[in-house]
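Working through the structure, step by step
Read off the chains here:
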Amino acid sequence: MAAVVHLALAIGLYLSLTPSHLPDSIVLAQGSESPQNLCDFDRIKRFDRSGNLIASWGGKGEDNGEFIHPHGIAIDSVGNVYVTDEERQDVQKFDSNGSFLMKWGSDGAGEGQFSNRLEDVNTDSSDNIYVVDYGNSRISKFDSNGNFIAMWGTRGSDEGQFDRPWGIAFDSLSSAYVTDLRNNRIQKFDSNGAFTMQWGSEGSGPDQFIHLHGIAIDNNDRVYVSDARDNSRVSKFDVEGNLLSSWGNLGSGESQFKEHHGIDFDSKGNVYVADTGNRRIQIFSPDGEFLREWNSSRSGMQDDLVMPQDIAIDSFDNVYISDVGDAHPEISYVEAYLNEHQNLTSAECD
């Protein structure tokens, strides 16, 4: 079906998230430029630490440098950017300014192949690339040129198996931690993919989960995870799975979340969370104190956030965000809003 061009604008106005009570919020869209084609919002966006747009690249399509549903994003030690797509069976590699460098992968279940739903991507200290293959329920490891190294995982609930893996992160010893969505747990592996431990179960208790998304580990080996849906919180653990703190609940106010996804840290250890359903980035201290937010202006400008998925921060505190322009959780509201506000022009794109 065709998408409505004024998707982001209609969603934002209809949901009416008002940042007036947030004096430190940063409104991303500024200036007098005209709104861009909102069917073309499937992009990677690079911001400075203050929330100013530096670069943006992509757009909907299947050619090199284009995306259908960009999701995972990672940065290696020299600043190259790796992006996975929930509807493409490949990993795309770019330089820090968005110039396409290469891609690898194809549809299938063999070595170096992927399902039609890829989630997270991350790098270890040696710049190896790890891809979370949600559909094949496994982790695949490559060098930075896309050469296959190893893979592990099958579908199931036993140790080392996954049922819809989502995120991956690494501690200072290169141990890998994977959020296992439908098994409501975090699994820990050594650098070769051998299972070492796990924690978590279904529920809303201190070390339980409902819908795990992103995971990130700071320089002090503290593990942060996005626990969405009914829990709508960020939980912080040590590397042995002991809960240290948690914050958040369902909503659109400060420290509240709606289907939040990716997590990463700046050079000061502050925690950046892609608050997907609320179309914003929230920033916290390492202990969960709310600091500020980057809140979408809903204007349709190129630096607006429509549906931020994942977030990666480089050594210069540049913030890279994968942003999706359709399939919004509140998409059912769009046509109703347009019908009520005939002054909004709408067009269709393929």
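Check the entry above for the structure.
In this text the structure is predicted, and so the values were computed from the model without any measurement. (Residues numbered from 1 in each chain as written. Predicted model: local features only at pLDDT ≥ 70, side-chain atom pairs only at ≥ 80, totals over all residues. Heavy atoms only, no water.)

Digging into the overall build of the protein chain
A tally of regular secondary structure across the protein chain gives two helices and 29 strands. Looking at the protein chain as a whole, 59% of its 350 residues are labelled buried. Counted over contacts in the protein chain with a minimum sequence separation of 6, partners at least 24 positions apart contribute 49%. In the form shown here, the protein chain has an accessible surface area of approximately 13,800 Å², with 42% of it arising from carbon and sulfur atoms. (Helix = DSSP H or I, 4+ residues; strand = E, 2+ residues; numbered from the N terminus. Buried < 20%, exposed > 50% of the residue type's maximum accessible area, 1.4 Å probe, protein only. Contact = heavy atoms within 4.5 Å. Areas by Shrake-Rupley, 256 points an atom, 1.4 Å probe, with all protein chains shown as cover.)

What about the side chain of Asp218?
Among the structural elements, Asp218 can be located in the loop between strand S17 (212-217) and strand S18 (223-227). The side chain of Asp218 is buried and forms no salt bridge, while Lys236, the nearest opposite charge, is found at 5.5 Å. In terms of polar contacts, Asp218 uses its side chain to reach the backbone amide nitrogen of Asn220, at 2.9 Å. A distance of 2.8 Å separates a polar atom in the side chain of Asp218 from the backbone nitrogen of Arg222. With sequence-adjacent residues up to four places away left out, Asp218 is seen in contact with Tyr224 and Phe265. (Lys, Arg positive; Asp, Glu negative; His and termini not counted. Salt bridge = Lys/Arg side-chain N within 4 Å of Asp/Glu carboxyl O. Polar contact = N/O pair within 3.5 Å; in protein donor to acceptor, adjacent residues only side chain to side chain.)

Quick look at the environment of Phe195
With respect to the helices and strands, the residue Phe195 is situated in strand S16 (residues 195-199). Distance from Phe195 to Tyr177, taken between C-alpha atoms, is 9.9 Å for residues 18 residues apart in sequence.

Some thoughts on the environment of Asp275
For Asp275, the position within the fold is in strand S24 (residues 271-275). Asp275 sits 16 residues away from Glu259 along the chain, and the two C-alpha atoms are 6.6 Å apart. For Asp275, the contacting residues outside a window of four places in its chain are Gln256, Phe257, Lys258, His260, Arg280, Gln282 and Pro308. One polar contact links the side chain of Asp275 to the main-chain amide nitrogen of Lys258, over a distance of 3.0 Å. At 3.1 Å, the side chain of Asp275 forms a polar contact with the side chain of Gln282.

Points about the packing of aromatic side chains
For the structure shown, the criterion picks out 24 aromatic pairs. Between Trp57 and Phe94, the aromatic rings sit 5.6 Å apart at their centres with planes inclined by 50°, giving tilted as the arrangement. With Trp57 in strand S4 (residues 53-58) and Phe94 in strand S7 (residues 91-94), this pair connects stretches of sequence that are 37 residues apart. Neither residue differs from the other here; Trp57 and Phe94 are each classed as buried. Among the aromatic side chains, those forming a connected cluster through ring pairs are Tyr130, Trp152, Phe162, Phe170, Phe189 and Phe195. (Phe/Tyr/Trp six-rings, centres within 6.5 Å; stacked < 30°, edge-to-face > 60°.)

Some points on the pairing of strand S28 (residues 319-323)
Among the five residues that make up S28, five are buried, leaving the element largely enclosed by the rest of the structure. Burial along S28 is two-sided: the face carrying Val319, Ile321 and Asp323 and the face carrying Tyr320 and Ser322 are both buried. Relative to S28, strand S27 (residues 308-313) is paired through four bridges, and the arrangement is antiparallel. Along S28, the bridge assignment pairs Ile313 with Val319. (Pairing = 2+ DSSP bridges.)

Examining unusual backbone geometry
The phi dihedral of Ser137 is positive, around 50°, even though this residue is not glycine. Along the chain, the position of Ser137 falls in the loop between strand S10 (129-133) and strand S11 (138-142). Unlike most non-glycine residues, Ser255 shows phi in positive territory, near 65°. Relative to the helices and strands, Ser255 is located in the loop between strand S21 (249-250) and strand S22 (256-257).

It is worth stressing that arrangement in space is one thing and function is another; only the former is reported here.
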